[in-house]
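# Geometric and topological summary
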Amino acid sequence: MTNNDHEASPDSITRRRFIATTSLGAALPLATPALGGISPFARDEIRVGVIGCGGRGTGAAMNALQASPDIRIHAMGDVFADRMTSSRDHLRGQVERFGDRASVPDANCFAGWDAFQDVLATDCDYVILATPPGFRPQHFEAAIAAGKHVFMEKPVAVDPVGIRKVMAAAKSADEQKLSVVAGTQRRHEQCYLDMIERIRSGAIGTPIAARCYWNQSGLWSIDAQADRSDMENQLRNWLYHTWLSGDHIVEQHVHNMDVVNWVYDAHPTEVYGVGGRQARTDPKYGHIFDHFSLEYSYPDNRFAHSMCRQMEGTPGRVEERITGTEGHTRSHSGMTEIMGPNAWKFSGKQTNPYVQEHMDLQASIRGERERLNEGQRIAESTMTAIMGREAAYTGQLITWDDAMASTLDLSPMVYEFSERSVHDVAIPGQTELNRTV
Amino acid sequence: MTRFAICLGSVLTLFISAGSHAQKDSGPEDALPKAPTPGEVWVQDIPGTACSLTMRPVSSPDGGEMWVMEREVTWNLFDVFIFRLDEKKKNSTPDSDAVTRPTKPYIAVDRGFGHNDYPALSMSLKNALQFAKWVSAKTGRTYRIPTVEEWRTICAQAAIPADQVEDFAWSKANSDEKTHPVGKKRADALGLHDLYGNVGEWCRTGGTDEKPEGVLMGGGYESPEASLNCESNQPYDMMWNDSDPQFPKSIWWFADAAYVGIRLICVDDAQAQQDNTKDDEHDEQ
């Protein structure tokens, strides 16, 4: 379905133009409640479509419902029927809390490779994109083409070809005045917002060095089953295949790299570093690495060190540390602090950031605040992680320009449940950035 | 369904005890230390791991004998449990393999506080109960989460002076908002460390094995020093897992409560038998 087709539908026109008109009033956010105290969607609930019905997609649907009482989960889709139905039933089980707003009618529940198109063809206002990240560029592109507002989980791509697709779609979202929020929830977490405000006002002088970490133990895995195709086994065990997850540096560590880019208000210019697959070598863990350690260069001689590891029995550390000319910061979920002459520690209250990000998106859709489009920003942060992965995979120094021009495309030629070999483990010094897979 | 689950549990118990007896002549049981002597400290090695638990004698609420861990459970042993490191080293036993173990946590569950010798934390009561079952299966003895009454009895005998709590406990006053390695604070009258503070300690109050109910005793590193005593308890709160971004939320781990921990007690087999009989009677009511 093209955008023009969509605009031709009278119902859609009403809804979409209403939203667009409201968006024009963004400069007057306080004016909206003054219209008889009724926001545009108080008469017409916001309808949400869920694409990707795993634990996170279902969780994001719950967060959307928690964010506001005028939200309805309207449609849902997953490549696997069992994932879709379990998610649907979990949501229907929330009737005491959300009434029928969490109950998606069977007619709007879809399974299969095209389920995302089916969800987009329903009369939903915004979609939650929560499939494994390898599908994100395709789904984001289709959602924006269908004129939908978007909440998309991080990361938003696994390779440079996908990144370019996301950046183009983000631009198209601006042209259509669509709202886009990404699941890097630290950007919506009060303790981070307060810390960034203080950094901007000079609390640590000029930030010149950064360290960021996502070191933890292992994650879940799904054993391959003989009665399933290779494709299905890989999809269900998606964390361990770079074409689906981007590797753990992209899938998890993007959160912390996003904070560094936020503080520096820039993306890196180049990256150099190491990584490998040492402790987690069983074939059930696909071909991804279990550790990376990278040095990023930023404009004006600023730099960042990034370290991430998934190894059982090792100490965890998930945080960011910024060094400025006049102080330091340390931050992780729920805690931010500044050390030095302007010492400070966050002590305020904050809402659950996974709910807050939907509150912010919904306010943007209603025109109650400046419109949010986080598409370009999250594409840059995802690319930061991808170029780091590639520096470790190839053993080479990778520049931002190398990465942006790269032809690396990890997606399969065809999406079908058939034989599919596991990619080789990358070998530094042999693996090439612009490889064909 | 519940009834079926209970039956299966009984069968499992039978299997475990049968297994223990069968191995007595030739199996790893030979390596086990002798049965504990009333009134004496003994060290419980955990077969298939490099870990041991120092158990200190204490009077039970009815004046009988029980033993309590000198220190809170640390990651050293909890990692073996959650990551099945005993199986990887091929030192597993059929008994312990039969115990359901938690899923791997999605976050860095130690919160970056520290790992080896730091208290394991953030586990649900269901997780803690499975851990106790696993330790019991490993050792052939009855380890479990204490009841509130048992914990208070231990606490009374520990006799931590109210005006010296800071010497005995990591609390909001001195913890720097994190846990610390176990055993660094002064030992109490029983020889236990960290009974107050560091991590709160799960005590069971009731519920079923599927949906157990419990409270935390002893307070944690975030508790105000003045709140540390033998009486205060912290009931389970859904907010302990408010920010788990998955749905359904984890039944094994808390995304928000980093001050939840475990200290097991051990009761002798005769005592355990008595307790089981009591449970059965309770079930039939």
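Look up a bit, the structure's there.
Residues numbered from 1 in each chain as written. Chains lettered and ligands numbered in written order. Predicted model: local features only at pLDDT ≥ 70, side-chain atom pairs only at ≥ 80, totals over all residues. Heavy atoms only, no water.

### Considerations on the overall build of chain A
Filter applied, for reference: Only DSSP runs of H or I reaching four residues or more are called helices, and only runs of E reaching two or more are called strands; each is numbered from the N terminus. We compute the radius of gyration over the C-alpha atoms and compare it with the globule rule, which gives 2.2 Å times the number of residues raised to the power 0.38. Contacts are assigned to residue pairs with any non-hydrogen atoms lying within 4.5 Å of each other. Only the protein chains shown count as cover for residues, and the accessible areas themselves come from Shrake-Rupley with a 1.4 Å probe. Positive charges are assigned to Lys and Arg, negative charges to Asp and Glu, while His and the chain termini are left out of the count. A charged residue contributes its charge at one atom only: NZ of Lys, CZ of Arg, CG of Asp or CD of Glu.
Tallying secondary structure elements over chain A gives 17 helices and 15 strands in all. Taken over the C-alpha trace, chain A has a radius of gyration of 22 Å; the compact-globule value for 437 residues is 22 Å, and the two agree within 12%. Dimensions along the principal axes, computed over C-alpha positions, put chain A at roughly 60 × 60 × 40 Å. By sequence separation, contacts in chain A at least 24 residues apart represent 76% of the contacts at least 6 residues apart. Carbon and sulfur atoms make up 51% of the accessible area of chain A, which amounts to about 17200 Å² in all. On chain A, the mean spot of the 43 positive side-chain charges and the mean spot of the 56 negative ones are 4 Å from each other.

### A short note on the sheet that holds strand S7 (residues 233-235) of chain B
The strands making up a sheet associate through backbone hydrogen bonding, with each pair oriented either parallel or antiparallel. Residues and elements named next belong to chain B. Inclusion rule: Two strands form a pair only when DSSP identifies at least two bridges running between them.
What the 4 strands build is an open sheet, ordered S7-S6-S5-S8; its pairing is mixed. The sheet is open, and its two edges are formed by S7 and strand S8 (260-261), each paired on a single side. Pairing analysis gives 2 bridges linking strand S5 (residues 200-207) to S8, with the strands arranged parallel. Paired with Gly 200 across the bridge in S8 is Val 260.

### Topic: the interface of chain A and chain B
What counts, and what does not: Summed over both partners, the accessible surface that disappears when two parts come together, traced with a 1.4 Å probe, is what is meant by buried area. Within this document, salt bridges are pairs made up of a side-chain nitrogen of Lys or Arg and a carboxyl oxygen of Asp or Glu, the two lying within 4 Å of each other. Residues adjacent in sequence count toward polar contacts only when both atoms are side-chain atoms; beyond that, a polar contact is any pair of N or O atoms within 3.5 Å, and within protein one must be able to donate a hydrogen and the other to accept it.
Across the contact, 28 residues belong to chain A and 19 residues belong to chain B. Counting the surface lost from both chain A and chain B, the interface buries some 1900 Å², and carbon and sulfur atoms represent 54% of this. Linking chain A with chain B are 2 salt bridges, by the criterion used here. Residues Glu 177 of chain B and Lys 345 of chain A are paired through a salt bridge, measuring 3.3 Å at the closest nitrogen-oxygen approach. Summed over the shared surface of chain A and chain B, the result is 9 residue pairs in polar contact (both at pLDDT 80 or more). When contributions to the side of chain A that touches chain B are tallied by element, the ones reaching two or more residues are helix H4 (55-67), strand S7 (207-216) and strand S11 (317-324) of chain A. At 6 residues, the largest contribution of residues to the side of chain A that touches chain B is made by H4 of chain A.

### Some words on the packing of H4 of chain A against helix H15 (residues 353-366) of chain A
Residue and element names in this part refer to chain A. As a reminder of what qualifies: Axis definition: a line fitted to C-alpha atoms, over the contacting stretch in the case of helices. Angles run 0 to 180 degrees between N-to-C directions. When describing relative orientation, an angle under 35 degrees is termed roughly parallel and one over 145 degrees roughly antiparallel, while 65 to 115 degrees is termed roughly perpendicular and anything else oblique. When the near helix sits turned anticlockwise from the far one by under a right angle, the crossing is termed left-handed; a clockwise turn instead gives a right-handed crossing. Following the grouping adopted for this structure description, the nonpolar residues are Ala, Val, Leu, Ile, Met, Phe, Trp, Tyr, Cys and Pro, the charged ones are Asp, Glu, Lys and Arg, and the polar ones are all others, Gly among them.
Contact pair H4 / H15: the axes reach a minimum separation of 8 Å and the direction vectors enclose 60°. Classified by the angle between their axes, H4 and H15 sit oblique to one another. Of the two elements, H4 crosses H15, and the hand of that crossing is right-handed. Counting all contacts with H4, which are made through Arg 56, Ala 60, Asn 63, Ala 64, Gln 66 and Ala 67, the residues of H15 involved are Tyr 354, Val 355, Glu 357, His 358, Met 359 and Gln 362. Classifying every residue of the contact of H4 with H15 gives 6 nonpolar, 4 polar and 2 charged.

### Describing the environment of Ala 169 of chain B
Residue and element names in this part refer to chain B. Put simply, the rule is: Buried, partly exposed and exposed residues are distinguished by accessible area as a fraction of the type maximum, computed with a 1.4 Å probe on protein chains only: under 20%, between the cut-offs, and over 50%, respectively.
Examined against the element boundaries, Ala 169 turns out to sit in the loop between helix H7 (165-168) and S5. Under the relative-accessibility criterion, Ala 169 is labelled buried at 1%. Put simply, Ala 169 and Asn 198 are 29 residues apart on the chain and 6.8 Å apart in space, counted from C-alpha to C-alpha. When residues no more than four places from it in sequence are discounted, the contact partners of Ala 169 are Asn 174, Lys 185, Tyr 196, Gly 197 and Leu 228.

### Topic: the pairing of strand S12 (residues 327-332) of chain A
All names here are of chain A. Only one face of S12 is buried: it carries Gly 327, Thr 329 and Ser 331, and the other face, with His 328, Arg 330 and His 332, is open. The hairpin formed by S11 and S12 contains 2 residues between the paired strands. Note that S12 and strand S13 (residues 335-339) share 5 bridges and pair antiparallel. Of the residues in S13, the one forming a bridge with His 332 is Met 335. Following S12, the chain reverses through 2 residues before pairing antiparallel with S13; Gly 334 in that reversal takes a positive phi of roughly 85°.

### A look at the state of the cysteines
Quick note on the threshold: Cysteine sulfur atoms that pair up within 2.5 Å are treated as a disulfide.
All chains considered together, the criterion is met by 1 disulfide over all chains. Here Cys 155 of chain B engages in a disulfide with Cys 230 of chain B; their sulfurs sit 2.0 Å apart. Because the sign of the S-S torsion sets the handedness, a value of about -80° for the bond joining Cys 155 of chain B and Cys 230 of chain B places this disulfide among the left-handed ones. With a gap of 75 residues between them, Cys 155 of chain B in helix H6 (residues 148-158) and Cys 230 of chain B in the loop between strand S6 (212-217) and S7 connect regions that are remote in the sequence. Considered together, Cys 155 of chain B and Cys 230 of chain B belong to a single accessibility category, that of buried residues. This cysteine, Cys 124 of chain A, is not joined by any disulfide, and Cys 53 of chain A carries the nearest cysteine sulfur, 12 Å off.

### A look at the nonpolar core
Nonpolar side chains in soluble globular proteins tend to be buried together. All names here are of chain A. To be explicit about the condition: Nonpolar cores are built from buried Ala, Val, Leu, Ile, Met, Phe, Trp, Tyr and Cys residues. Side-chain atoms within 4.5 Å join them into one set.
Val 127, Phe 140, Val 150 and Met 152 are the most contacted members of the largest nonpolar core, which has 76 residues in total. Tallying contributions element by element places helix H16 (residues 375-394) first for this core, with 9 residues. With residues up to four places along the chain from it excluded, the contact list for Met 152 reads Leu 129, Arg 136, Phe 140, Val 166, Val 180, Val 181, Ala 182, Gly 183, Gly 375 and Ile 378.

### Quick look at the side chain of Arg 101 of chain B
Residues and elements named next belong to chain B. Relative to the assigned elements, Arg 101 resides in the loop between helix H4 (94-97) and helix H5 (125-139). Among the polar contacts listed, one links the side chain of Arg 101 to the backbone oxygen of Val 80, at a separation of 3.4 Å. Separated by 3.0 Å, the side chains of Arg 101 and Asp 86 make a polar contact. The contacts of Arg 101, once residues within four sequence positions are left out, are Val 80, Phe 81, Arg 84, Asp 86, Glu 87, Ser 96, Trp 134 and Trp 252.

Structural measurements only, silent on function.
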